[in-house]
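Understanding the architecture of this molecule
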Amino acid sequence: MAVTTCLTWMQEKVLQNYFGEKQFSLLYKASVHDFSSKGLLERCSNQGPTITVIYTGDYIVGAYAQNDKEEYVFITLFVFQETEISECKIGPFQLSMVFQDNCKFCVNLEKKRMYISPETKEKLGVCGYISFQECEVFRCEDLLDKRRMEGVIELKDKLLSAIRTYKPYGDLVHQTRILLLGPIGAGKSSFLNSVKSIFRGHVTNQALVGSYTCGTSDKYRTYFINDGKNADTLPFILCDSLGLSETEEGLCMGDIPYILKGHIPDRYKFDCTKPITPGHDNYIGSPLLKDRIHCVAFVFNANSVEHLSKEMVSKIKRIQRELIKCGVVHVVLLTHVDTLDMIMKGDLVDIYSCLPVKLKLEAVHRELGFPPSNIFVVRNYTSEWELEPVVDVLVLSALRQMLWAADDFLEDLPFEETDRCVW
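Conventions we followed
- Per chain, residue numbering runs from 1 following the sequence as it is written.
- Per-residue local features of the predicted model are confined to residues with pLDDT of at least 70, and side-chain atom pairs are confined, for both listing and counting, to 80 or more; whole-chain, interface and lining totals are unaffected and use all residues.
- Side-chain metrics rest on all non-hydrogen atoms present in the structure, leaving aside hydrogens and water.
- UniProt positions are given in the numbering used here, feature names are shortened, and annotations may be inferred rather than shown by experiment.
- Starting at the N terminus, helices and strands are each numbered in turn, a helix being any DSSP run of H or I of at least four residues and a strand any DSSP run of E of at least two.
- Helix span, expected: 1.5 Å multiplied by one less than the number of residues in the helix.
- Only protein chains enter the calculation, and the probe is 1.4 Å; a residue is then buried if its accessible area is under 20% of its type maximum, exposed if over 50%, and partly exposed in between.
- As used here, the arc belongs to the directions running from the helix axis to the C-beta atoms.
- Note on definitions: a residue-residue contact is assigned when non-hydrogen atoms from the two residues lie within 4.5 Å.
- pLDDT runs from 0 to 100 and stands for how confident the predictor is about each residue.
- Each nonpolar core is a collection of buried residues, namely Ala, Val, Leu, Ile, Met, Phe, Trp, Tyr and Cys, held together in the definition by side-chain atoms within 4.5 Å.
- Here the aromatic set is Phe, Tyr and Trp, taking the six-membered ring for Trp, and pairing holds for ring centres within 6.5 Å; pairs whose planes are under 30 degrees apart are stacked, those over 60 apart are edge-to-face, and all others are tilted.
- Lysine NZ or arginine CZ positioned within 6 Å of the ring centre and within 35 degrees of the ring normal marks a charge as sitting over the ring.
- Two strands qualify as a pair provided that DSSP identifies no fewer than 2 bridges between them.
- The convention used is that axes are lines fitted to C-alpha atoms, helices contributing only their stretch in contact, and that angles between N-to-C directions extend from 0 to 180 degrees.
- Crossings are sorted by hand: turned counterclockwise from the far helix by less than a right angle, the near helix makes the crossing left-handed, and turned clockwise it makes it right-handed.
- By the convention adopted, Pro, Cys, Tyr, Trp, Phe, Met, Ile, Leu, Val and Ala count as nonpolar, Lys, Arg, Asp and Glu as charged, and the other residues, Gly among them, as polar.
- When a carboxyl oxygen of Asp or Glu lies within 4 Å of a side-chain nitrogen of Lys or Arg, that pair is called a salt bridge.

Per an unreviewed UniProt entry, the protein chain goes by the name Interferon-induced protein 44 and belongs to Vicugna pacos. The record in UniProt for the protein chain states the following under Subcellular location (unreviewed entry): "Cytoplasm". The record held by UniProt for the protein chain lists under Function (unreviewed entry) the comment "This protein aggregates to form microtubular structures."

See below:
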């Protein structure tokens, strides 16, 4: 059975942030490995930086040793109560001295008692002798150490290869079309730029990005993505549109069926007051399967998705009903995930295991009805100058899911509809 820590997710995250974006690996737990100083030292010596956590019942007392491979070390002694941390640096001394009764800070595991010198207790605001119920020791490593980064880069390369070699289901079309929909300022154009940047090998901003309140996409745009590696056009098209709004300034609901069915041409300028009509210039009267939308991605800002107005929620649900009517598979992209509380850059490697992200997925499912398995989180390139592998993996993972969703649409088409294909 796996040994688990007594720290809550939030407590562990606060400590990880406090000591410089670390990941903790549990080495020793007294209630499992015995309350023995000798046993602790055998398990935890020569492990690099470690953090010892002692649970008193009312608060946590801990000791962070930055490097225990040296003969003498300095220790950051801290008290963690609710969300506040107070600290005091002590030392130098040998790590083994912590478990002897002749030090200004010592732990007696056998008696389950801890002593802190008077001058140190004044700084920390704790009693001299402290009884405790549990003691744990963790190895501390950088969240994005060399080993983990090598894994991220390997995963990025696999995703790039999978997308480059992707072929739409049944060869019914050369390229699948993915429509980005969402409130003004949610990050639709930024996602498009992020995809283009990854395949070009450098940050680019072809699609203009607007402010949160007004947006800039007033035209229907279809973006072909070129692979910077071999200059080939990739097997998907990203379609950008005017953002959704509670007022009449956003995308007209009457335009959505025409977009889905392929009637609206590239660069069509939206009229917020009325949808396109068959008599409009460049209206596509008999669209082929290649002109249709094969997958829709709703884009929301992760920080505001729980605070959408009733009007916006109603509009999104109306669009969902239209999508179901047309048989179009739809997914959700949550942008700005890196700005959620307690999320660090290193967390992006395993973002779906983070509590704030789990809560966001549950909220989107509860408020808007999207299944959690169809909700993906991304971080867009907005102000960076260089590409970052952890950001690329999130974007590429979401893109691959959208391609699979488009395949579901193509596979589920009635036979009589597949005759109007690209061929």
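Don't stop here, the text continues.
Counted at 1.5 Å a residue, the expected span for helix H5 (residues 146–164) with its 19 residues is 27 Å, and the 27 Å between its end C-alpha atoms agrees. Inspection of H5 places Arg148, Val152, Lys156, Leu159, Leu160 and Ile163 among the buried residues, and these make up the whole buried set. An end-on view of H5 places all buried positions within 115° of arc, on one side of the element. In H5, the exposed residues that point more than 90 degrees away from the buried face are Lys146, Arg147 and Lys158. Contacts made by the buried residues of H5 are with strand E1 (22–29), helix H6 (188–200), strand E12 (233–240) and helix H10 (389–411).

This brings us to the confidence of the model for the protein chain. Looking at the protein chain, pLDDT values average 85 and 89% of them are 70 or higher. Across residues 211–215, confidence stays below pLDDT 50; counting only partners more than four residues off in sequence or on other chains, it has 9 contacts.

Grouped together as the largest cluster of nonpolar side chains are 89 residues, with contacts concentrated most on Phe199, Phe236, Phe298 and Leu334. Ranked by residues supplied to this core, first place goes to H10 with 14 residues. Non-local contacts of Phe199, meaning those with residues more than four positions away in its chain, are made with Leu160, Ile163, Arg164, Ile225, Asn226, Asp227, Gly228, Lys229, Leu234, Phe236, Leu396 and Leu399. In terms of nonpolar packing, the next biggest core, distinct from the first, is built from 27 residues, Tyr28, Ile130, Cys135 and Val137 among them.

Here we take up the packing of aromatic side chains. Aromatic ring pairs: the centre-centre distance and the angle between the two ring planes describe each pair. Tallying each qualifying case throughout the model produces 10 aromatic pairs. Centre to centre, the rings of Tyr18 and Phe19 are 5.1 Å apart; their planes meet at 80°, and the pair counts as edge-to-face. Tyr18 sits in the partly exposed class, given a relative accessible area of 36%. With 5.5 Å between their ring centres and 85° between their planes, Tyr268 and Phe270 make a pair best called edge-to-face. Judged by relative accessible area, Tyr268 falls into the buried class, the value being 6%. The class for Phe270 is buried, based on a relative accessible area of 8%. Through a chain of ring-to-ring contacts, three or more aromatic side chains come together here, namely Tyr18, Phe19, Tyr64 and Phe78. Arg221 extends its terminal NZ or CZ atom over the ring of Tyr223, reaching a point 4.8 Å from the ring centre.

To continue, consider the sheet that holds strand E10 (residues 176–181). Taken in spatial order, the 7 strands make up an open sheet running E13-E11-E12-E10-E14-E15-E16, and their pairing is mixed. Across the chains shown, the open sheet's two edge strands, defined by having one partner strand only, are strand E13 (268–269) and strand E16 (375–377). One ladder, built from 4 bridges, connects E10 with strand E14 (residues 295–301); its direction is parallel. Its bridge partner being in E14, Leu181 is matched across the sheet by Phe298. Sheet strands in contact with helix H8 (residues 310–326) are E10, E14 and strand E15 (329–335), and its direction is about 165° off that of E14.

For the pair H5 and H10, the least separation of the axes is 9 Å and the interaxial angle reads 30°. Crossing angle aside, the handedness with which H5 passes H10 is left-handed. Residue-level contacts link Met149, Val152, Ile153, Leu155, Lys156, Leu159, Leu160 and Ile163 of H5 to Pro389, Val390, Asp392, Val393, Leu396, Ser397, Leu399, Arg400 and Leu403 of H10. Of the residues that constitute the contact of H5 with H10, the class distribution is 13 nonpolar, 1 polar and 3 charged.

Of the strand pairs in this sheet, E1 and strand E9 (residues 134–142) are connected by 7 bridges, and their pairing is antiparallel. Counterpart to Phe24 in the pairing with E9 is Cys140. Across 6 bridges, strand E2 (residues 50–55) lies against E9 in antiparallel orientation. Counterpart to Tyr55 in the pairing with E9 is Glu134.

This brings us to the pattern of salt bridges. For the structure shown, the criterion picks out 18 salt bridges. Of the charged contacts, one joins Lys29 and Glu136 as a salt bridge, the two residues approaching to 2.5 Å between their closest N and O atoms. One end of the pair, Lys29, is in strand E1; the other, Glu136, is in strand E9, with 107 residues separating them in the sequence. Here the salt bridges share partners, and the residues they tie into one network are Asp338, Lys345, Arg379, Glu384 and Glu388.

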